[in-house]
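Architecture and fold: a report
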Amino acid sequence: MSPSARGRFVTLEGVDGAGKSTHVAYIADAIRARGHRVVTTREPGGTPLGEALRELVLHRPMTHDTETLLVFAARREHVEQVIRPALARGAWVLCDRYTDASHAYQGGGHGVDRARIDALAHWVHGDCTPDLTILFDVPLAVSRERLARAAGEGRALDRFEREEGGFAERVRAAYLERAGAEPARFRIVDSTRPPAEVRAALAGILDAW
Ligand code: TYD
């Protein structure tokens, strides 16, 4: 297969409560409508082992370093078993979170040294990095209100959604810093708008890209 037949790697990012998950299926359909095959997946997760690690990371108490190592262990399986093979077949990969989430949550949120995260990223996936990253951005008041509503409706919040003491602010700031540093890769979507407007913005991003 010629190198030009490689698929594209698209990731979705944002703080908890930014509304990213609402739009995953729409983006997959929009990519398909533009004539590409799509593999939709998520992190932590995307493989049976990765999903088991996700349960641990989201629900068991652990040190910040352990958490970092586990998300990258899950990622290693995912890259080898799912992402690289799909891209090599020419499919597009649409992944709900990837290494930017490790920089935002483990780095920004939990203070893990950026150089360590970069070293793990280099080891675990090397140049298998996203071609396009859509960052769903909302002010903290909005994400907090959405999480409070979800909790009020009986959804159990995970470890990250329950974090306090400026955690979400630091996660958001780390995402925005990464987007600022790599404007060619990132597109920021103002996700406070109604879903139909967000979908229109997403379609515009795919058309212009
Ligand atoms: P999320 O993607 O928000 O799933 P859902 O929509 O089902 O709630 O949940 C995944 C959580 O994992 C999220 O809080 C961020 C966290 N996470 C990290 O801390 N580091 C990572 O590297 C990844 C991929 C996710």
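No experiment lies behind these values; they were computed from the predicted model shown.

Before going further, it helps to examine the site of the ligand. The immediate surroundings of the ligand are formed by 16 residues, with Asp16, Ser21, Arg97, Ser102 and Gln106 found nearest. Between an oxygen atom of the ligand and a side-chain N or O atom of lysine 20, the distance comes to 3.3 Å. Among the elements that make up the shell around the ligand, the one with the highest residue count is helix α4 (residues 99–109) (four residues). For the shell around the ligand, the residue count by class is six nonpolar, three polar and seven charged.

This part is about the state of the cysteines. Note on terminology: a disulfide is the covalent bond linking the sulfur atoms of two cysteines. Considering all chains together, one arrives at zero disulfides under this definition. Free of any disulfide, cysteine 95 has its nearest cysteine sulfur in cysteine 128, 9.6 Å distant. Overall, the relative accessible area of 0% leaves cysteine 95 in the buried class. Residue cysteine 128 is classed as buried on the basis of its relative accessible area of 3%.

This next bit is on the environment of leucine 49. Counting through the fold element by element, leucine 49 comes out in helix α2 (residues 48–59). Accessibility expressed as a relative area gives 45% for leucine 49, which makes it partly exposed. For the pair formed by leucine 49 and threonine 11, sequence separation is 38 residues and the distance between their alpha carbons is 21 Å.

Glancing now at the sheet that holds strand β2 (residues 38–42). Reading across from one edge, β2-β3-β1-β4-β5 is the order of the five strands in this open sheet, with parallel pairing throughout. Strands at the two margins of the open sheet, each flanked by one partner only, are β2 and β5 (186–190). Strand-to-strand twist in this sheet, taken as the mean axis angle between neighbours without regard to direction, amounts to 20°. Examined bridge by bridge, strand β4 (residues 132–137) and β5 share five bridges and lie parallel to one another. When the bridges of β5 are listed, phenylalanine 136 appears paired with valine 189. Its contacts with the sheet place helix α1 (residues 24–33) against β1 (9–14), β2, β3 (92–96) and β4, and it is angled at close to 160° to β2. Packing of helix α8 (residues 195–208) onto the sheet brings it into contact with β4 and β5, and relative to β4 it is tilted by some 160°.

Among the secondary structure elements, aspartate 137 is positioned in strand β4. Note on aspartate 137: relative accessible area 14%, which makes it buried.

Rules and cut-offs
Residues numbered from 1 in each chain as written. Predicted model: local features only at pLDDT ≥ 70, side-chain atom pairs only at ≥ 80, totals over all residues. Heavy atoms only, no water. Near = heavy atom within 4 Å. Polar contact = N/O pair within 3.5 Å; in protein donor to acceptor, adjacent residues only side chain to side chain. Helix = DSSP H or I, 4+ residues; strand = E, 2+ residues; numbered from the N terminus. Nonpolar A, V, L, I, M, F, W, Y, C, P; charged D, E, K, R; others polar. Disulfide = S-S within 2.5 Å. Buried < 20%, exposed > 50% of the residue type's maximum accessible area, 1.4 Å probe, protein only. Pairing = 2+ DSSP bridges. Axes fitted to C-alpha atoms, helices over the stretch in contact; angles between N-to-C directions. Contact = heavy atoms within 4.5 Å.

Remember that the coordinates give geometry; whether it matters functionally is a separate question.
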